[in-house]
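Spelled out from the first residue to the last, the chains are:
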Amino acid sequence: MTKRKIAKPVATGVAGLDEILRGGLPPSNLYMLQGAPGAGKTTAALQFLRAGVEAGERCIYVSLSQTAAELESIAVSHGWTMDGIRVEELSASDAVNGAADQTIFQTAELRLDETRQAIEKAIEEHKPSRLVYDSLLEIRLITGDTPRFRRELIGFKAFLAKRNVVALLLDTQNGEAMNGEEVEGIAHGVIRFDKTLEDYGAVRRRIEVSKMRGVPIADGYHDMAIREGQGVVVFPRIIPGDASDVEKPELIKSGVETLDAMFGGGQESGTTTLVIGQSGTGKSTMASLYATAALKRGENVALFLFEERLETFFRRSEGLGMDLRKFHKDGALVIKDFNPNEISPGEFAQVVQSIVKTDKTRVVVIDSFTGYLNSLPQRDKAVRDIQSLLKYLARSGVLTMLIVAQHGLLGQNVGIDVDVSFLGDTVLLLRIAEHEGRLRRNITVVKKRHGPHDLFVHELMIQGSGISVVPYNPLPES
C-alpha cells in the first residue's frame, strides 16, 4: 500500500503566523479571518496574496466593501504594490470606473446569483491559486436569509475546492452569533484578530487560531502588531520545550571573589537571579558587574533596558571602571533600549529568543523588570509570560538577571507591586541603611536553589575604583 503524499502547507505571508500553524495553511481549503474594523484583516489578506505572487501563483482579491483605490493605498502605506493581484471590485456606486480587467457592480441592486456568477466567471478566467473575499457582511445583507447564506457558502466552498483554490473570507464581528457559528462550521479554519485600547498607551493587538482542522496549532492568544513596511507581524508565545536542556551547568563568576564566595563559588548557568532592592542600593551596578565579567571571558551578553537610557548606562558603568562601549561596538554586548508602552510581552519574548539563538548569549539582563511590568495593563499575565521565557532561557544555558525595584528609598516598609519571588532560582537582596552617621549598602543571598550559599549580611562597597564586598567578620569565640 503506497503512502499518500502530504501536501505542502501554503505560506500565509504573515511573519510568525506560519509558526503558529506549524508551517502554513492546509491547501485547497476555505478559511475565515475574523475581527473588528481596523484589526488588521485586510493587511493580512494582502500579505497572503503577495506571498502567492512571490511564489509565482495567480491571485484574486474580490472586494465588496473596499475600492481598488483603497486597497492600493493600504499597500502603498507599507511600500508594497498590487502588481500580480487582480482586483474584482463590486462597488455600490455607478460613478466608479474600473480598469479593463475589473468587474464593477452596483451592490445595492445586485442579486446574489449575479454576484456568484461574476465571481465564478473571474475565477474560471484567471484560474487563481489564492483568493480573498472581502467581506461576508455584504453577502449577509444581500441574502437576508440565514439558510440561504449557509447554502451559498457551502456551494462556493465546493466550487473553490474543485479548482484547488485557497481562499480567505474576511468577516467583521457584528454580534450576529448565529451567522458567525454558521460560517465557522463551514470554514476549514478560523483566525481571529483582537484589538483593544487600554486607558494609556498604544493599541494592544492579539491573534488566535480558534479552529484549524488537521493541524496541531499553537492555540491560545498570541501578541501581534501592524508595522509600517512589514504589515501584520505575529509574535508566537514562547514554548520552553523548544530549547534543548544543557546537561551540565557551569559556574558564572562576577570577577569579585568575595561576591562569588557568597554564591558558593559563582552563579550557575541555566538559572534566574532576582536582584531586589530599593533605589540606590546598586541593583543595576550588579548587573553591569556580571555583564563585564562575562564579556571579558569572551562570552556574549544581552541587556534589555526599560528605565535607564543607554548613555546613562554607559556613563554609570564607566564611573565604576567598567568600559562597556567597546563590547557594544564589537557586537558582543547587545543592548535594546525599549519604550515599555510600545512593546507587548509576546514581542519582547521573541526579541530575547532571537538574540539568544543568533548570538549564543550566556548572560541576559532585564533592567528593570519592575518598569516593564508597570507599563502593562495585565501585569499578572505578563508575569506568566515572562515565566515561560525564563524557562526557555534556562534550558538554553543562560544566566538571567532580573532587576526588581522595591518601594521607597530608606526604611523597613518596603515591598513589590507584584510578587515575582517565585521566578528566581537565586535571590540577591540589596538594602541600604543608616549606620553611625552614614549610609551603608548591605548585600545578602536570600535564596539559592542549587548548592550552598552564604547566609550572612555583607557590606557592598561601590566606589570609583570598582566594586567590592566586605566579608562578614564573626565575633571571636569567648
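For the structure itself, look to the data block above.
Residues numbered from 1 in each chain as written. Predicted model: local features only at pLDDT ≥ 70, side-chain atom pairs only at ≥ 80, totals over all residues. Heavy atoms only, no water.

Undergrad: Please give an account of unusual backbone geometry that cites residues and values.
TA: Residue S135 follows D134 across a cis peptide bond; omega there is 5°. Mapped onto the elements, S135 comes out in the loop between β4 (130-134) and α5 (136-143). In this chain, D367 is followed by S368 through a cis amide linkage whose omega measures -5°. As for its placement among the helices and strands, S368 is situated in the loop between β15 (361-367) and α13 (369-374). Non-glycine residue R22 carries a positive phi angle of around 60°. One can find R22 in the loop between α1 (17-20) and β1 (30-35). When its relative accessible area of 44% is taken as the criterion, R22 is described as partly exposed. The phi angle at S28 is positive, at roughly 60°, despite the residue not being glycine. Looking at the element boundaries, S28 is found in the loop between α1 and β1. Judged by its relative accessible area of 22%, S28 falls in the partly exposed class. (Helix = DSSP H or I, 4+ residues; strand = E, 2+ residues; numbered from the N terminus. Buried < 20%, exposed > 50% of the residue type's maximum accessible area, 1.4 Å probe, protein only.)

Undergrad: Before we move on, can you summarise the nonpolar core with the specific residues and values?
TA: By size, the foremost hydrophobic cluster in this structure holds 39 residues, and its most contacted members are L25, Y61, F193 and M212. When residues in this core are grouped by element, the largest group, five residues, is from helix α2 (residues 41-54). Once residues lying within four places of it in the same chain are set aside, the contact partners of L25 are P9, V10, T12, Y31, F48, V166, L168 and M212. Of all hydrophobic cores here, the second largest spans 37 residues; its members include F263, L305, M322 and I403. (Core = buried A, V, L, I, M, F, W, Y, C linked by side-chain atoms within 4.5 Å. Contact = heavy atoms within 4.5 Å.)

Undergrad: Any details on the environment of H78? Residues and values, ideally.
TA: Relative to the elements of secondary structure, H78 occurs in the loop between α3 (68-77) and β3 (85-89). Placed 150 residues apart in sequence, H78 and E228 show a C-alpha to C-alpha distance of 5.1 Å. Not counting residues within four places of it along the chain, the set of residues in contact with H78 comprises T43, I226, R227, E228, G229, Q230 and G231. Among the polar contacts listed, one links the side chain of H78 to the backbone nitrogen of G229, at a separation of 3.2 Å. (Polar contact = N/O pair within 3.5 Å; in protein donor to acceptor, adjacent residues only side chain to side chain.)

Undergrad: Give me the lowdown on the sheet that holds strand β5 (residues 166-171), citing residues and values where you can.
TA: Read from one edge to the other, the open sheet built from nine strands follows the order β3-β2-β4-β5-β1-β6-β7-β8-β9, with strand pairing classed as mixed. The outermost strands of the open sheet, each flanked by one partner alone, are β3 and β9 (231-235). Across the sheet, the mean angle from the axis of one strand to that of its neighbour is 25°, orientation sign disregarded. Summarising the sheet, strand β7 (residues 204-212) and strand β8 (residues 221-227) pair through four bridges and their orientation is antiparallel. Counted as the bridge partner of R205 is M224 from β8. Contacting β1, β4 and β5, α5 crosses the sheet at an angle of about 75° to β5. Where helix α12 (residues 345-359) meets the sheet, it contacts β8 and β9, and its direction lies at approximately 85° from that of β8. (Pairing = 2+ DSSP bridges. Axes fitted to C-alpha atoms, helices over the stretch in contact; angles between N-to-C directions.)

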